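Overview (structure and organization)
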Amino acid sequence: MSKDMKRIAVIGGGLTGLTISNFISKDCDTEITIFEEKSEKKLLDTTSAKIVLSYSTVEILKKYNLWDKDSFRPNFIDKIHLSYSNSLGSTTISSHDENLDFLGAHIQTDFLKKKLIESIYSNKNIQLNSGTHIFEINGKNKKQIFYSKNNKNSHSEFDAIIFASGLDLLKDNYFNDKISKEYDQTALVFHLKGSKKSSSIAYERFTDDGILALLPSEDDWLVIFSLHNSALKKYEEVSDIELTKKLQTLIGKKVGEINKISDRFKYPLSLSYYKKFSHSNVCLLGDACHKLHPIAGQSFNLTVRDCFILSNSLKMDNDIHTVFNNYQNLRYKEMKRIIKFTDFLADKIYRLPIRKFILGKIFLVLDFNKNVKKIAVGLITGSYLYKKNINNMKAYD
């Protein structure tokens, strides 16, 4: 590798770290080292986790040769039906509202992770340093990372650091303006099979107990029920048979007769983000930068757009300090817009005693105002970024 190449360390080998490393390696003549605490074996462990990739995310992945329709086996979502239980109001958002092929693609998370890792292994400019424990980071113009691997201590010097996780490793308090909010909600997640085959329609159903998302996948449905903690016991501490009855009442026949529920787990819901997420030659990405409510499926899709903008900025300017500062300026506005959008739907609207009335009015406006519906589609899919930026990128061979 050339001595003139920039050296960037990426902390965290999850989806965010793998994604930004792939993007930068395509855009720039840069040496990248990914530091990941998990062993290579654990990093490659399979799970049942699934993810919805927005339209803009798929288009960005295509440009970097990281989209593989055949191996990903996506279930394309072209409509989202919105409703409130025990209420007449409802509306449907469609990909045709913005002349898009689809709104999102529902895939196994492992399929994407495997593709990202395979691309990294075939790239001589990226080193995936798994099984490492970082115990110190210091330096100003150059960043020194001290770490251990296989019981041996080492250190390396870098021009910049991108944190996809592990921000607590940074002793210098550059990022002290973190905004945090506990939602007093818990996501209950599971898979279900119904007598109706999965379709291209996703459902977002507001209930008095929380927001129920039904996402179609290849052979079943993924359910994410964002429950108020006061209602959690009603659904968590019941048998699959009892849960099936409760769900059937809430969703009617949208999936037909529910005949199986599996892979139940839960996690607490919160919001956190940094107002300032870049400083000199250090910047934040992914969950290290912003962690959102799962409604509208924005977290990773917002991250991919962050990665795209950051990588292209590095391609256009060789000064990392300038690039990281521009990244802050370019991405803060959209981050705040998405946070306000998800926070309103997930929390603020539930604090209003007339929420059914307000949601009914929102559904009505979406039904009759095409411009408002286009804005909603743009927020969900990131399609405005696709139209403005992605078409101008060259396709990589």
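Above: the structure in question.
Summary of the structure given here. In this text the structure is predicted, and so the values were computed from the model without any measurement.

**Focus: the overall build of the chain**
Across its full length, the chain holds 12 helices and 20 strands. The C-alpha radius of gyration of the chain comes to 22 Å, within 12% of the 21 Å expected for a compact globule of 397 residues. Split into buried and exposed, the 397 residues of the chain put 55% on the buried side. The long-range fraction of contacts in the chain, counting pairs at least 24 apart against all pairs at least 6 apart in sequence, stands at 73%. Distance from the positive charge centre (59 side chains) to the negative charge centre (46 side chains) of the chain: 3 Å.

**A short note on the side chain of Asp209**
For Asp209, the location among the structural elements is in the loop between strand 14 (201-207) and strand 15 (210-216). At a separation of 2.8 Å, a polar atom in the side chain of Asp209 contacts the side chain of Lys234. What Asp209 contacts, discounting residues up to four positions off in sequence, is Ser226, Leu227, His228, Ala231, Lys234 and Tyr235.

**Some points on the packing of helix 1 (residues 15-27) against helix 5 (residues 109-121)**
For any two helices packed against each other, the geometry comes down to the angle between their axes and how far apart the axes lie. Running from N to C, helix 1 and helix 5 point in directions that differ by 40°, and their axes come no closer than 10 Å. Taken together, helix 1 and helix 5 sit at an angle that is classed as oblique. Remark: the crossing between helix 1 and helix 5 carries left-handed chirality. Side by side, helix 1 and helix 5 meet where Leu15, Leu18, Thr19, Ser21 and Asn22 of the first sit next to Thr109, Leu112, Lys113, Leu116, Ile117, Ser119 and Ile120 of the second.

**Some points on the pairing of strand 6 (residues 90-94)**
Bridge count for strand 5 (residues 79-84) against strand 6 is 5 bridges, and the pairing is antiparallel. Across the sheet, Lys79 pairs through a bridge with Ser94, a residue of strand 6. The antiparallel pairing of strand 5 with strand 6 creates a hairpin that spans 5 residues between the two strands, and Asn86 there sits at a positive phi of about 60°.

**Details of the sheet that holds strand 5**
If you trace the 8 strands from one edge of the open sheet to the other, you get 6-5-14-15-16-13-17-20, paired in mixed fashion. Sheet topology places strand 6 and strand 20 (290-291) at the edges, where each strand pairs with a single neighbour. Relative to strand 15, strand 14 is paired through 5 bridges, and the arrangement is antiparallel. What sits directly across from Glu204, in strand 15, is Ala213. Where helix 10 (residues 355-368) meets the sheet, it contacts strand 5, strand 6 and strand 14, and its direction lies at approximately 150° from that of strand 5.

**With respect to the pattern of salt bridges**
As enumerated under the stated definition, the model contains 20 salt bridges in all. A salt bridge links Arg73 to Glu218, with the shortest nitrogen-to-oxygen separation between them at 2.9 Å. Here Glu218 lies in the loop between strand 15 and strand 16 (221-228) and Arg73 lies in the loop between helix 4 (69-72) and strand 4 (75-77), a separation of 145 residues in the sequence. Linked by salt bridges that have partners in common, Lys181, Asp343, Asp347, Lys348 and Arg351 make up one network.

**Focus: the sheet that holds strand 11 (residues 152-158)**
Two strands in a sheet stick together by hydrogen bonds in their backbones, pointing the same way (parallel) or opposite ways (antiparallel). On the basis of which strands lie adjacent, the open sheet formed by 3 strands has the order 9-10-11 and antiparallel pairing. Both edges of this open sheet fall to strand 9 (132-138) and strand 11, since each of them pairs with a single strand only. Strand after strand, the sheet turns through a mean of 25° between neighbouring axes, direction not considered. The sheet contact formed by strand 10 (residues 143-149) and strand 11 spans 7 bridges and is antiparallel. Considered in strand 11, the bridge of Ile145 is made with Ser156.

**Re the packing of aromatic side chains**
What the rule picks out here adds up to 13 aromatic pairs. The rings of Tyr55, Trp67, Phe72, Phe76 and Phe102 are connected pair by pair, giving a single aromatic cluster. A cation over an aromatic ring shows up here: Arg7 above the ring of Phe158, its NZ or CZ 4.7 Å from the ring centre. For the cation-ring pair, Lys246 lies above Tyr235, with the distance from its terminal atom to the ring centre recorded as 5.8 Å.

Cut-offs applied
- Position numbers for residues count from 1 along each chain, tracking the sequence in the order it is written.
- With pLDDT at 70 or above as the cut-off, local features in this predicted model cover only qualifying residues; side-chain atom pairs require 80 or more to be listed or tallied, and sums for whole chains, interfaces and linings still use all residues.
- Note: side-chain values were computed over all heavy atoms of the structure, leaving out hydrogens and water.
- Put simply, DSSP marks the helices as runs of H or I at least four residues long and the strands as runs of E at least two long, and each gets a number from the N terminus on.
- This radius of gyration counts C-alpha atoms alone. The globule rule is 2.2 Å times how many residues there are, raised to the power 0.38.
- Here's how the labels work: a residue is buried when its accessible area is under 20% of the maximum for its type, exposed when over 50%, partly exposed in between, all with a 1.4 Å probe on protein chains only.
- We call two residues in contact whenever any of their non-hydrogen atoms come within 4.5 Å of each other.
- Asp and Glu count as negative and Lys and Arg as positive, but His and the ends of the chain are not part of the count.
- Throughout, a charge is located at the NZ atom of Lys, the CZ atom of Arg, the CG atom of Asp or the CD atom of Glu.
- For the purposes of these results, a polar contact is taken to be a pair of N or O atoms within 3.5 Å, where, inside protein, one atom must be able to donate a hydrogen and its partner to accept one; residues adjacent in sequence count only when each atom of the pair is a side-chain atom.
- A fitted line through C-alpha atoms represents every axis, and for helices the fit uses only the stretch in contact; the resulting angles, taken between N-to-C directions, go from 0 to 180 degrees.
- For this classification, under 35 degrees means roughly parallel, over 145 means roughly antiparallel, 65 to 115 means roughly perpendicular, and everything else is oblique.
- It is the rotation of the near helix from the far one that decides the hand of a crossing: anticlockwise by less than a right angle makes it left-handed, clockwise makes it right-handed.
- Here the rule is simple: two strands pair whenever DSSP picks up at least two bridges between them.
- Here, a salt bridge means any side-chain nitrogen of Lys or Arg that lies within 4 Å of a carboxyl oxygen of Asp or Glu.
- Planes of paired rings set the category: under 30 degrees apart is stacked, over 60 is edge-to-face and the rest tilted, where pairs are Phe, Tyr or Trp rings (Trp by its six-membered ring) whose centres lie within 6.5 Å.
- In this scheme, the term charge over a ring applies when either NZ of a lysine or CZ of an arginine sits within 6 Å of the ring centre and within 35 degrees of the ring normal.

The values are spatial; any link to function lies outside them.
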